[in-house]
Amino acid sequence: MAIRNIIENGDEILRKKSREVEEINERILELLDDMVETLHKSNGVGLSAVQVGVLKRVVVIDIYDGKGPIKLINPKITKTKGEVELEEGCLSFPNQYAKVKRAEEVTVEALNEKGKKIKITAKELLAQTLQHELDHLEGVLFVDRMIPGTMEYVDPDNNQPVKE
Ligand code: CO
């Protein structure tokens, strides 16, 4: 396993659309493991492969609920319900937070690392993180969904909120 470098805002790769994974091979498994390690090292709750420079539809999430990291391959949102306004950040935008509109509840279908189909229905932080990470796969960033005038810059020395 290895820590990978997280690409920050300004790099045009973050605007590119990621490609479907066709075969879950050793490289994909290694990517998933590296992404989990990188996520934990950054105290984040979600990371998409594009953020480590790989344009593949691969996402890892850990909301630290004791269930361990979730590894998703080719995830798709199949259902949404309701709408909420939430504070949000991104590991590619260090120390920046803004309010965004998100669905209150989402259902996501994906493959796990064994190639098995999985379905997750989520609310709250998991629902928010799923939507945020799946946006990355389309080249969409949280600032695109920002409610105007809500961007805040947090001093990392005084405050360390959870980042996505
Ligand atoms: Co992000």
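The following refers to the structure shown. (Residues numbered from 1 in each chain as written. Predicted model: local features only at pLDDT ≥ 70, side-chain atom pairs only at ≥ 80, totals over all residues.)

## Describing the overall build of the chain
To be explicit about the condition: Numbered from the N terminus, helices here are DSSP runs of H or I no shorter than four residues, and strands are runs of E no shorter than two. A radius of gyration in this sense is built from C-alpha atoms; the matching globule rule multiplies 2.2 Å by the number of residues raised to 0.38. Here a residue counts as buried when 20 or more other C-beta atoms sit within 10 Å of its C-beta, as exposed when there are 12 or fewer, and as partly exposed otherwise, the C-beta atoms being derived from the backbone.
A tally of regular secondary structure across the chain gives two helices and eight strands. Shown N-terminal to C-terminal, the secondary structure of the chain runs as helices and strands in the order α-β-β-β-β-β-β-β-α-β. In summary, the chain has a C-alpha radius of gyration of 15 Å against a globular reference of 15 Å for 164 residues, a match within 12%. Dimensions of the chain along its principal axes, counting C-alpha atoms only, are 45 × 35 × 35 Å. Within the chain, the proportion of its 164 residues that are buried is 33%.

## Re the nonpolar core
Selection rule: In this description, a nonpolar core means buried residues of the types Ala, Val, Leu, Ile, Met, Phe, Trp, Tyr and Cys, linked to one another by C-beta atoms lying within 7 Å. We call two residues in contact when the distance between their C-beta atoms, placed using the backbone, is within 7 Å.
By size, the foremost hydrophobic cluster in this structure holds 33 residues, and its most contacted members are Met 35, Val 58, Val 60 and Leu 130. Of all the secondary structure elements, the ones that give two or more residues to this core are helix H1 (26-41), strand S2 (58-61), strand S3 (70-81), strand S5 (93-102), strand S6 (105-111) and helix H2 (124-137). Leave out the neighbours within four places in its chain, and Leu 130 touches Ile 61, Val 106, Val 108 and Ala 122.

## Overview of H2
Every α-helical turn comprises 3.6 residues, leaving residues that sit three or four positions apart pointing alike. So the rule is basically this: Here, expected helix span is obtained from the residue count minus one, scaled by 1.5 Å.
An ideal rise of 1.5 Å per residue puts 20 Å on 14 residues; H2 measures up with 21 Å between its terminal C-alpha atoms. Of all the 14 residues making up H2, 11 are buried; the element is thus mostly covered by neighbouring parts of the structure. Of the residues making up H2, those classed as buried are Leu 126, Ala 127, Gln 128, Thr 129, Leu 130, Gln 131, His 132, Glu 133, Leu 134, His 136 and Leu 137. The positive-phi residue at the C-terminal boundary of H2 is Gly 139, with phi of around 80 degrees.

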